Amino acid sequence: MATTRVTSALAATTIVAVASTIWLYFDNRTLRADLQHTAAAVAAEPAVEPGSAADPWTAAVKKERDARVAISAGDVPALPAAPKESRLDRRARRTMEFGERFGRLEGETEDEYRARIVPLIKAGLAVPRERALEMRKLAEEKAKVTPAQSAQLDKAFEKVYADVLDYTNKAITDGQLSPYERNVAGWLDYAGGLGGMLTDAQGQVGKVLDAGQIKAMYDSGFEWGEYLGLNAPWERIQPPPPRK
């Protein structure tokens, strides 16, 4: 029972990690573009020469002169301060942004959606998947897992991935998983079912590896649930329905 709860929690964490990884990849890519634009603008500015208008002494004189002009012209009305975004406002904005990014655009077909989103999913998960694979290799070396055993595990995981994909596609079709709204209860219910699948997958591991090998891999810090969650074929999930 405790194992099921832990695996369900890991499943929920994996869902959040996958979504966050993809979102942060897109966010970081946008930020890098902004920084490059800013750097290009700064590079285009002329260099400051001594004695020019940007010289500290000249700037101080100009500041004092401008202050006198402002006083003679009367006080300039200050612009109202921009309203501070509350935590709830920020959450609502993020929900809208996520829906706009990962939901179906108006008139967008399923093929067009896949062409837009699949490269984003692959790029966002490339590094985490590479790290998970490296961790598995190191853990298998410590547990003395043979190449034949490793191949057996990969074969068993094909059925696990197919079940996860079918289960996820049904959740998307039913609206349990939707990019357009926050449905925490639905997410947790989905995570519970996914946790059960990952628990069954660990049972498959027990049919290939002996108890000592499983313990050695666990003691090394490796988690099968995390590995399977990252390596599931998320890029093959069904596109969500259009926004109602």
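Residues numbered from 1 in each chain as written. Predicted model: local features only at pLDDT ≥ 70, side-chain atom pairs only at ≥ 80, totals over all residues. Heavy atoms only, no water.

1. A short note on helix H8 (residues 224-231)
Okay, so step 1: For H8, the tally of buried residues reaches 6 of 8 residues, placing the bulk of the element in the interior.
Okay, so step 2: Buried within H8 are the following residues: Trp224, Gly225, Tyr227, Leu228, Gly229 and Leu230. (Buried < 20%, exposed > 50% of the residue type's maximum accessible area, 1.4 Å probe, protein only. Helix = DSSP H or I, 4+ residues; strand = E, 2+ residues; numbered from the N terminus.)

2. Quick notes on unusual backbone geometry
Okay, so step 1: The backbone of Lys144 shows a phi angle near 55 degrees, a positive value even though the residue is not glycine.
Okay, so step 2: The residue Lys144 is located in the loop between helix H4 (110-142) and helix H5 (147-173) in this model.
Okay, so step 3: Under the relative-accessibility criterion, Lys144 is labelled exposed at 65%.

3. Focus on the environment of Val118
Okay, so step 1: Considering the arrangement of structural elements, one finds Val118 in helix H4.
Okay, so step 2: For the pair formed by Val118 and Ile237, sequence separation is 119 residues and the distance between their alpha carbons is 9.3 Å.

4. A closer look at the packing of helix H3 (residues 87-102) against H4
Okay, so step 1: Following both chains from N to C, one finds H3 and H4 inclined at 115 degrees, their axes separated by 10 Å at the closest point. On H4, the residues touching Glu100, Arg101 and Phe102 of H3 are Tyr113, Arg116, Ile117 and Leu120.
Okay, so step 2: A class-by-class count of the residues in the contact of H3 with H4 yields 4 nonpolar, no polar and 3 charged. (Axes fitted to C-alpha atoms, helices over the stretch in contact; angles between N-to-C directions. Contact = heavy atoms within 4.5 Å. Nonpolar A, V, L, I, M, F, W, Y, C, P; charged D, E, K, R; others polar.)

5. A word on a nonpolar patch on the surface
Okay, so step 1: Taken together, the side chains of Val184, Trp187 and Leu188 make up a nonpolar region of the molecular surface, amounting to roughly 290 Å² of accessible area.
Okay, so step 2: Examined against the element boundaries, Trp187 turns out to sit in helix H6 (residues 184-208). (Patch = residues over 30% accessible without salt bridge, like charges linked within 9 Å, V, L, I, M, F, W, Y side chains within 5 Å. Areas by Shrake-Rupley, 256 points an atom, 1.4 Å probe, with all protein chains shown as cover. Salt bridge = Lys/Arg side-chain N within 4 Å of Asp/Glu carboxyl O.)

6. Comments concerning a positive patch on the surface
Okay, so step 1: On the surface, Lys84, Arg87, Arg90, Arg91 and Arg182 cluster together to form a positively charged patch.
Okay, so step 2: Considering the arrangement of structural elements, one finds Arg91 in helix H3. (Lys, Arg positive; Asp, Glu negative; His and termini not counted. Charge placed at Lys NZ, Arg CZ, Asp CG, Glu CD.)

7. A look at the packing of aromatic side chains
Geometry of an aromatic ring pair is reported as the spacing of the ring centres plus the angle between the planes.
Okay, so step 1: According to the stated counting rule, one finds 6 aromatic pairs in the structure shown.
Okay, so step 2: Arranged with centres 5.3 Å apart and planes meeting at 55 degrees, the rings of Phe157 and Trp224 form a pair that is tilted. Linking Phe157 in helix H5 with Trp224 in helix H8, this pair joins segments that are 67 residues apart in sequence.
Okay, so step 3: Relative accessible area serves as the criterion here: at 1%, Phe157 is assigned to the buried category.
Okay, so step 4: Here Trp224 falls in the buried class, since its relative accessible area comes to 9%. (Phe/Tyr/Trp six-rings, centres within 6.5 Å; stacked < 30°, edge-to-face > 60°.)

8. Considering the side chain of Ser150
Okay, so step 1: With respect to the element layout, Ser150 can be found in helix H5.
Okay, so step 2: One polar contact links Ser150 to Glu140, side chain to side chain, over a distance of 3.3 Å.
Okay, so step 3: Filtering out sequence-adjacent residues up to four positions away, Ser150 remains in contact with Arg136, Glu140 and Val145. (Polar contact = N/O pair within 3.5 Å; in protein donor to acceptor, adjacent residues only side chain to side chain.)

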